[in-house]
Amino acid sequence: MASFNSNEWRAICDKFTNAQNLTEIESRNDPENDPFRSKYKARELLREIYCSLKNFEAGEGEEEGGGESGGESGDQRPTEQPVDGQREDLFGQGFNGDSPAGLRAAKLGAVEYYLGVNHVDTEELPAGQEHLMNCMKLLERCRVSSPNVSLFIHVRNQLGILWAGRDETETAQGFLETAESIYQRYMKEDGSPPTDMTEYFAAEESLLTHQERIKRFELAYTHTMYYLAQVYKNLGETERAATYCHTTLQRQLQLNQFTPMEWALNAATLSQYYITKGRYMEGRHCLSAATVISDLAGEVPSEAAAQENEAESERREHLRQKRAEIARCWIKYCLNLLQDAKKQLEDNIGELDTDRQEELKRARQREEEEEEKGRKSALLFGSEDTFDSIASIEEKVMCLFPLDFTEARSVFLVGQNHVTQAKDYFQMDGYVTDHIEILQDHSALFRSLAFFEEDLERRCKMHKRRVDMLEPICNDLNAQYYLMIRRQLMFELAETYNEMMDLKLALANRQADTQSLDNHTIKKFNHLCSASAKYFQMFLDSLCSPEGKFPERLEEEVLRPALVARFRVARLHSRLISTSPTVQLDNLNKSLENYKYVVQYCEANPDAGATVETELELSKEMAGLLPLKINRLKARMASNN
């Protein structure tokens with residue numbers, strides 16, 4: 001190999017530096033009508049380097065590897081794609097990495113690698129793949145060691161990305177898992193700061209420090225972790241994907257290689273996986289870290305500054321949107337924590353089980369000890385600068401299940417604060433669907449909190465807050481464009497009014513028996529009952545054809561809601577209080593009609609019965625009892641006449 005001090009070698013090093021500069025810096029300023037101009041220039045320089053390298057003295061007994069530079073070249077050696085990792089021991093066979101033959105293979109391989117990346121960047125994937133595989137073929141003749149381990153990993157990372165982009169996920173997995181095992185074995189058996197690929201073409205005075213070598217090598221492995229997280233997600237291995245994503249985020253912080261808002265959003269997104277698995281400590285940690293790191297992106301520019309400067313306008317939009325998205329993740333955290341606590345505490349009729357509550361309170365100390373133990377073993381985010389800030393946010397919201405109203409309210413208030421932040425960006429004007437989803441989450445927060453409230457009057461007021469936020473939206477939405485959302489809102493409003501009706505009746509029954517209800521209470525009860533029936537009926541009407549005909553066969557996604565709505569309408573009509581026998585008869589007939597519908601539909605469609613077992617059983621019972629009640633009422637009316 002030519003001497004490092006020779007003019008020829010200097011010329012190669014200068015060409016490589018120019019190629020890197022064109023790729024990484026000049027290409028950012030390429031015009032829209034010639035977006036790859038700098039990269040095409042870099043490609044020509046890399047080809048020249050490749051040709052020059054081939055003219056240097058080859059190692060003794062060494063065969064030429066790879067092909068003529070340039071994927072389009074006709075004299076390039078045809079390559080069979082080796083199965084990655086086919087050689088049993090990448091560390092024990094082949095040329096030494098620091099031997100003349102090993103260094104020559106690594107340098108030629110590095111040029112093939114950069115040419116491969118160049119072709120991928122210019123959207124010429126087959127040529128890019130060919131160059132990357134040429135790099136692999138050259139490295140197949142070397143054993144993994146300090147001078148080449150970085151290249152071994154980089155080329156597999158790139159091939160992993162390439163195959164993942166083609167939806168060949170398992171092929172990508174093979175390359176990336178081999179890269180992972182190479183890193184792990186190298187760190188176990190050697191661990192010295194490896195040569196970076198750029199150093200193959202650097203003058204001695206330009207070689208990297210040990211610290212910079214370590215940083216670049218660790219960053220390459222961080223990319224391996226990141227790509228594997230995507231691969232495992234696409235393969236449906238969600239737990240493994242989450243583990244790799246968490247590790248990637250931690251490594252990015254350690255290496256100080258991250259964009260604050262992008263990192264924060266990834267951490268917030270990861271929290272949602274932990275929440276679905278009931279791992280609230282990890283979910284809270286991710287969200288707290290997301291909040292702290294997002295602050296590193298700086299303050300949101302004022303509206304005035306945004307109007308004067310386009311860049312400030314884009315920055316304002318970006319920061320507001322991403323922080324609102326993180327706020328929505330916080331809302332889901334608080335909502336799921338309350339809902340899961342409710343599942344732990346409710347009895348078989350959905351009320352608070354006080355015995356279970358006391359049992360869980362006694363177990364709380366053990367849970368707190370487990371939390372602390374888990375915290376010590378968890379992979380925590382942060383550095384000396386951010387760790388205290390993250391811990392400070394974590395202290396403001398619990399990760400154990402709230403067991404009473406005071407604890408539930410503290411979680412609720414955190415969620416409500418983030419509702420305000422999210423709504424500030426996702427406003428009705430421009431973000432209809434997002435805004436309504438946030439309102440639905442806010443309503444669900446109130447519903448979950450109401451479960452913990454022992455005072456029935458206050459509980460009723462919480463449900464009234466839900467009605468006040470959802471009813472105007474439901475009535476104003478365009479049914480043509482937002483049919484599915486309107487159906488959701490109708491059903492929720494119907495259920496909310498139904499809960500309020502039950503609460504009002506329970507309050508009245510505490511004061512007197514049903515026969516002694518005063519007119520005001522009866523009027524309020526009937527209003528809530530009618531409002532619930534109205535929204536259930538609106539939901540059912542939304543299923544009708546344009547001609548107003550109800551479907552003979554219900555679609556699977558609306559089967560249970562429609563049958564439940566029919567059952568509830570039947571029940572509500574039978575509960576309306578009236579002194580008029582004619583009105584009573586009309587209500588009972590409507591009730592019977594709806595009970596019969598549930599029974600007859602399930603008889604005609606036996607599979608439907610499994611979706612509404614409880615409702616069907618009660619409908620059959622009431623369909624048998626109501627005719628007797630109706631006949632008694634008719635007889636009484638006839639005798640009175």
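Residues numbered from 1 in each chain as written. Predicted model: local features only at pLDDT ≥ 70, side-chain atom pairs only at ≥ 80, totals over all residues. Heavy atoms only, no water.

Looking at an unreviewed UniProt entry, one finds the protein chain named KIF-binding protein, with Neolamprologus brichardi as its source organism. Turning to the protein chain, the UniProt record has this under Function (unreviewed entry): "Activator of KIF1B plus-end-directed microtubule motor activity. Required for organization of axonal microtubules, and axonal outgrowth and maintenance during peripheral and central nervous system development." As its UniProt record puts it under Subcellular location (unreviewed entry), the protein chain is described as follows: "Cytoplasm, Cytoskeleton". (UniProt positions renumbered as here; feature names shortened; annotations may be inferred.)

Trainee: Looking at this structure, I do not really get the nonpolar core. What am I missing?
Mentor: Generally speaking, a soluble globular protein has its nonpolar side chains buried in company with each other. Counting 127 residues, the largest nonpolar core has Tyr 333, Leu 554 and Leu 563 as the members making the most contacts within it. In this view, Leu 554 contacts Leu 543, Leu 559, Ala 562, Leu 563, Tyr 597 and Tyr 601; residues no more than four positions away in its chain are not counted. (Core = buried A, V, L, I, M, F, W, Y, C linked by side-chain atoms within 4.5 Å. Buried < 20%, exposed > 50% of the residue type's maximum accessible area, 1.4 Å probe, protein only. Contact = heavy atoms within 4.5 Å.)

Trainee: Whenever I open this one, the domain arrangement of the protein chain confuses me. Can you help?
Mentor: The extent of an interface is frequently quoted as the accessible surface area lost upon association of the parts. Per the domain assignment, the segments of the protein chain are domain 1 (85–257), domain 2 (274–298 + 313–354 + 381–454), domain 3 (469–512 + 524–550) and domain 4 (559–640). Here the C-alpha centroids of domain 1 and domain 2 sit 39 Å apart. Between domain 1 and domain 2, the contact holds six residues from the first and six residues from the second. Of all residues in domain 1, His 246, Gln 250 and Leu 253 give up the largest surface area on contact with domain 2, accounting jointly for 71% of the area buried on that side. Counting across the interface, domain 1 meets domain 2 through zero salt bridges. Residues of the side of domain 1 that touches domain 2, tallied by class, amount to three nonpolar, two polar and one charged. (Domains from an automatic or database assignment. Buried area = accessible area lost by both parts, 1.4 Å probe. Salt bridge = Lys/Arg side-chain N within 4 Å of Asp/Glu carboxyl O. Nonpolar A, V, L, I, M, F, W, Y, C, P; charged D, E, K, R; others polar.)

Trainee: Is there a simple way to explain the pattern of salt bridges in this structure?
Mentor: In total, this model carries 37 salt bridges according to the counting rule given. For Glu 177, the salt bridge is made with Arg 240, and the minimal N-O distance between the two is 3.8 Å. With a gap of 63 residues between them, Glu 177 in helix α6 (residues 169–189) and Arg 240 in helix α8 (residues 238–255) connect regions that are remote in the sequence. We note a salt bridge from Glu 437 to Arg 328, for which the minimum N-O separation is 2.8 Å. Of this pair, Glu 437 sits in helix α16 (residues 432–452) while Arg 328 sits in helix α12 (residues 310–345), placing them 109 residues apart in sequence. Judged by its relative accessible area of 36%, Glu 437 falls in the partly exposed class. Sharing partners across several salt bridges, the network here consists of Arg 447, Arg 466, Glu 492 and Glu 499. (Helix = DSSP H or I, 4+ residues; strand = E, 2+ residues; numbered from the N terminus.)

Trainee: Sorry if this is basic, but what is going on with unusual backbone geometry here?
Mentor: As a rule of thumb, non-glycine residues mostly have phi less than zero, and peptide bonds are mostly trans rather than cis. Its identity is not glycine, yet Asp 167 carries a phi of approximately 65°, on the positive side. Note that Asp 167 resides in the loop between α5 (149–165) and α6. Non-glycine residue Asn 256 carries a positive phi angle of around 55°. With respect to the helices and strands, Asn 256 occurs in the loop between α8 and α9 (260–276).

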